[in-house]
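A look at the structure
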Amino acid sequence: MKTLLILLCGLLLCISTTSAQLIINEFQPNPIEDAPEWIELYNNSDSEINDATYYLHDTKSVVKFHISRVEPRSYIVVSPDTSLLQSQQLLPSNIQLLEVKFPTLNNSTDNIVLRSSDSTLLDSVYYNVKWVKKGISFERKLPTMPAFSQLNLFPSVSVDSSTCGYNNSISPNPHDISLSYFNYSKASTSLRIAAINASSETIQKAEIKVFADTNFNNTTELNEIIESVSIENLPINSLYEFEIPIEKLHKFTNKYGTIHCIAVCKAEYDTRNSNDTIATSVFISYPRRSILINEILYEPVSGAAEFIELYNNSEYPIDVNGWQIHDKSTSSGADTLHLNLQIIQPFDYIVIAWDSIIFHQYSSIIESNRTQIVNSSFSLNSDGDVIALRDVNGELIDSLYYTSSWHDESLSSSKGVSLEKLSPSLVSHESISWSSCGDLVHRATPGEKNSLLLNTTLKENLDATPNPFSPTSNSTQFTRISFKLDSPNSVVNASIYNKQGVFIATLLNTTYSSSEGAVIWNGRDAEGSIVPPGGYVLIVESTDSSTGKVKNHRLLIAVAN
């Protein structure tokens, strides 16, 4: 007999209720804090309900209640405590409330059943609270379809976590356009936006506007519009998709780094605003070599710390939060340092270490705020290793492969001695840019100017120091070539020719550079042989990354015996 009753109850719950006049449209079985439970009933007909009695029950108990009047296509909300509901729930001013001490809804699974006065089944729902988060209501998608399964019962997507007394947030309106997604695509380096016709009719006219929230106030302003797109005759359930290249966003904001963007869509007669707006953040990568590796201590003395020093080679403050430093990849992957929030000011330094003992080694960095300790098992190989710096997009900003041969040959031991650049703006992957630290006390200069730094002041667009120089001497084996460009971001080529115009050597080959840069020439040709004494012409060609404008600069360099 018990089995038969269960089967009969199951059969009743599966009866279609699409013809019922009063249905269960929305309910809250798991409210937050002390808020009351509630059930929203909807008159799903064109006729009034007058002087009607109903039964509301779950699997264990039942309550009888009376309704005086419900207008066609309108709502009535029942709750054990309507006063508390009004104080804690956003409700329409004209909503009809009815205080009914219905059975407490289970906070796991339960059935809610609505019957008429003669016990005829009008509607029923089955729910599981695992389907939604606490405080979010269950909404019925279509009133014309039964809600006893999850196929027509979903969590509310309203910004208020429910639509008590309003049209359900998941139900199609005659006029409703909704933003489906708004995100950054690394593959196409663009912002991707899509809107969907979520209504029950073709949308005749709609518009999508994309804003760059440059002042970070989370509001849309007319002077922040990046793109405005008009849409016509969008069919039901159809997507309208488009992309905005990151170059366009950068040109509009004239900024690198994190940009907050807001997309807003609107259709004619669209009254549902909760699905019209999506905000996202996109990181516009700084040009390559904006941050350069400037100093390395890969083989410290016993009990000391390794470190990597970075240099901001740009005119922008750069936040390296989310950036990564990794070494050479192996079959098990690459060791990686994940950097934290740290803003490096233009032409300033930051020291990355993975052991706080570094503060005992170099007391000067304690109060400089230029050191970041990253907990990691990262370690640099003493016989050579890759160091690669990538931003949050995974774009390679700088890299090198150091070896022990980069140290000064005259050193009896390089242990505890850092590798320094002769100038921070030199290219990192060339061994000629590096040598052993010349500080004879600490043997490293983390967070400070390099001991080998050539103190030169660039007076013109192009300069070489010393000039002349002698590749065969002990003191002037190379000349440091400095350049200053009009553009903050350029692609630079630099080559050496003799006075007859014959090619001698390439110093820079399509190298990304900020407005200021430098390179070393050791007086050797492309084959590695020392060139004869005489005059040589340096040609630096720079291409503005934004405009494509090309400029050439020339300088005569003298090579002495």
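Look up a bit, the structure's there.
A short tour of the structure in this document, coming up. (Residues numbered from 1 in each chain as written. Predicted model: local features only at pLDDT ≥ 70, side-chain atom pairs only at ≥ 80, totals over all residues. Heavy atoms only, no water.)

Pairing is antiparallel across the open sheet formed by four strands, whose spatial order is β14-β13-β16-β17. Both outer strands of the open sheet, β14 (225–234) and β17 (277–284), are each paired with one neighbouring strand and no more. Within this sheet the neighbouring strands show an average axis-to-axis angle of 20°, counted without direction. Both strand β13 (residues 203–212) and β14 contribute to a ladder of eight bridges, which runs antiparallel. (Pairing = 2+ DSSP bridges. Helix = DSSP H or I, 4+ residues; strand = E, 2+ residues; numbered from the N terminus. Axes fitted to C-alpha atoms, helices over the stretch in contact; angles between N-to-C directions.)

Within strand β12 (residues 190–197), six of the eight residues are buried, which leaves it mostly tucked inside the rest of the structure. Two elements, strand β11 (residues 177–185) and β12, share eight bridges in a ladder whose sense is antiparallel. Paired with Ser178 across the strands is Ile196, a residue of β12. What sits between the antiparallel neighbours β11 and β12 is a turn of four residues, in which Thr189 has the positive phi angle 45°. Alignment of β12 against strand β15 (residues 239–245), held across seven bridges, turns out to be antiparallel. (Buried < 20%, exposed > 50% of the residue type's maximum accessible area, 1.4 Å probe, protein only.)

What follows concerns the sheet that holds strand β1 (residues 22–28). Here we have six strands laid out as an open sheet, ordered β6-β5-β2-β1-β9-β10, and mixed in their pairing. At either end of the open sheet lies a strand with only one pairing partner, and these are β6 (96–99) and β10 (153–155). Put simply, the sheet's adjacent strands are angled 30° from each other on average, direction ignored. Examined bridge by bridge, β1 and strand β9 (residues 138–140) share two bridges and lie antiparallel to one another. The residue bridging Phe27 from the neighbouring strand is Phe138, located in β9.

This paragraph deals with the pattern of salt bridges. Counted by the stated rule, this structure contains eight salt bridges. One salt bridge connects Arg69 with Glu48, and the closest N-O pair in it is separated by 2.7 Å. With Arg69 in strand β4 (residues 62–70) and Glu48 in the loop between β2 (38–43) and β3 (49–57), the pair connects residues that are 21 residues apart, well separated along the chain. By relative accessible area, which is 37% here, Arg69 ends up partly exposed. With a relative accessible area of 36%, Glu48 lands in the partly exposed category. The shortest N-O distance in the salt bridge between Asp123 and Arg140 comes to 2.5 Å. Of the two residues, Asp123 is situated in strand β8 (residues 121–128) and Arg140 in strand β9; the sequence distance between them amounts to 17 residues. As far as burial versus exposure is concerned, Asp123 and Arg140 are alike and both buried. Through salt bridges with shared partners, a single network forms among Glu48, Arg69 and Glu71. (Salt bridge = Lys/Arg side-chain N within 4 Å of Asp/Glu carboxyl O.)

As a further point, take unusual backbone geometry. In this chain, Thr465 is followed by Pro466 through a cis amide linkage whose omega measures -5°. Here Pro466 lies in the loop between β30 (462–465) and β31 (479–484). Residues Asn467 and Pro468 are joined by a peptide bond in cis, for which omega reads 15°. As for its position among the elements, Pro468 is in the loop between β30 and β31. Unlike most non-glycine residues, Glu33 shows phi in positive territory, near 50°. Tracing the backbone shows Glu33 in the loop between β1 and β2. Relative accessible area serves as the criterion here: at 73%, Glu33 is assigned to the exposed category.

Coordinates in, geometry out; function isn't part of it.
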